[in-house]
Amino acid sequence: ANELLGMVRPGQDTIMGWFAQMSVVSAVNVFQHWGVFDLIPSQPGVGISFWKLAEKVGVEEGLLIRMSWMLTSSSVLWYFPPSTAGSHKGSLAHTPTSLLLRSQSPLSSMFKLLHTNIVETSAIMPSYFDTYGRKEPVGPGHIPTSYLAGQPELAYFDLLNQDPQRVKEFTHAMSIQHRRSPITGMFDLTSVIALAEQMEQSRKPQAEERPIWVDIGGSDGAVVKTFREKYPGLKPEWCVVQDLPQVVEAAREAAKDDALLKGVRFYPLDFHNEAPVEGALVYYLRNVVRDYSDPVVINILANIRKSMVPPSSSTDSGPGTAQAASRILISEQLIPSPPPLYAAFKDYAMLVVGGKERSLKQFEAVAEAAGLVITGVYRDNGTPHAVIEMQFDETASLVVGSSSFCLKCGGVVQRHDAQMDL
């Protein structure tokens, strides 16, 4: 539709239209800051007069009216003229859209997040690229959002963590993303569970038990919980959640009162500098790699690779032993090339925080650079979301260093291997 409109609409109108839409965003931002959306009655068709609303907000009535025209003309708010409102200058009422901008709505938090990351950051983008060069931000630090904040050395999440209110709003906003992006329904875990049961039955009494499912960047374990609801055969003792120390500390405590998470192990992990628990059947990352540039993602995947069991090293007995090799499952959006407008917008939103939405070819490139190979792509029928399966590429040559996490002792094991064929 946008392409068709662009073909028939005069270029001058198109350009002016961009600024009209920016003015709508600006007016919404002001009304959010003033708390206007919370003061308009939430009942359908019930308005509040301009003079009463101006009094509640503490703003000059004439200014309120002028600001509101941007929102009534774009159908963000409804305007009731004086004849129906019983008011000298009319009144405002909510539309289904504006109800989503009240402070308790996750979309209100998402608007604030995107206003900072898109509108405010866009103003400094020319200066940013003049300073750092006309190339993709690498991160984690020295990204457009940290440059805007005057603390360019900070990574995006370090910047957020300085302000508890922003962390709260970010978490609130991300609840939309979690609902919009499917968790299950792409990769069928039935075969993994069957293999895990086979491994458990054939394991020798003194042999160390392999972890089955490791959720990297898994926060509070909500994704593990969702998979356990969908697949009751996924035992909690098979599952590990790894995230930053402060995250897993809170998650471990909360899991004690959750029947689906009891028995799940929570361990700290800095995936930029450490490898996860060793020998897992599945390493799972959901909406993690999109937060980072290609060099950072390659490093994260290479760290995971250090803990993986390659196909040729699988020692599990019984049929189908080749499947006992480790695999990485990345659950993310796959964008076409070139992308449509909304997909391009999401990628632009990731660029300013040092991240990137990727096409399948771009995933293939980072996998190859990390010594991995894509072995499967499992797409969702209703969204651009997919699960990309990767396995250890035994023909790759990488430098192995950093450290690995020992499941048995619950600690980090330092590794200082030289370059070698893996």
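Residues numbered from 1 in each chain as written. Predicted model: local features only at pLDDT ≥ 70, side-chain atom pairs only at ≥ 80, totals over all residues. Heavy atoms only, no water.

The protein chain goes by S-adenosyl-L-methionine-dependent methyltransferase in an unreviewed UniProt entry, where it is assigned to Rhypophila decipiens.

## Quick word on the pairing of strand β6 (residues 265-268)
A regular strand places its side chains on the two faces of the sheet in alternate fashion. Strand direction decides the pairing type here: strand β5 (residues 239-243) and β6, joined by four bridges, are parallel. Bridging from a neighbouring strand, Val-240 pairs with Arg-265 of β6. Tracing the backbone out of β5, into helix α15 (residues 245-255) and back to the parallel element β6 gives a crossover that is right-handed. (Pairing = 2+ DSSP bridges. Helix = DSSP H or I, 4+ residues; strand = E, 2+ residues; numbered from the N terminus. Right-handed = clockwise from strand over helix to strand, strands pointing away.)

## A closer look at the sheet that holds strand β1 (residues 47-49)
Spatially, three strands are ordered β1-β3-β2 in an open sheet, and the strand pairing comes out antiparallel. On the outer flanks of this sheet lie β1 and β2 (77-80), each paired with one strand and no other. Ignoring which end each strand starts from, the neighbouring axes of this sheet average 30° apart. Bridge analysis of β1 against strand β3 (residues 91-94) gives three bridges, and the strand direction is antiparallel. Bridge assignment links Gly-47 to a residue of β3, and that residue is Ala-93. (Axes fitted to C-alpha atoms, helices over the stretch in contact; angles between N-to-C directions.)

## As for the nonpolar core
With 32 residues, the main nonpolar core has Leu-285, Leu-301, Ile-304, Ile-328 and Met-390 as its most contacted residues. Residue assignment for this core shows that the elements contributing at least two residues are β4 (213-216), β8 (282-286), α16 (294-305), β9 (327-333), α18 (360-369) and β11 (385-392). Of all the elements, α16 adds the most residues to this core, at six residues. Residues Cys-239, Val-264, Val-282 and Ala-324 belong to the second largest nonpolar core, which totals 31 residues. (Core = buried A, V, L, I, M, F, W, Y, C linked by side-chain atoms within 4.5 Å. Buried < 20%, exposed > 50% of the residue type's maximum accessible area, 1.4 Å probe, protein only.)

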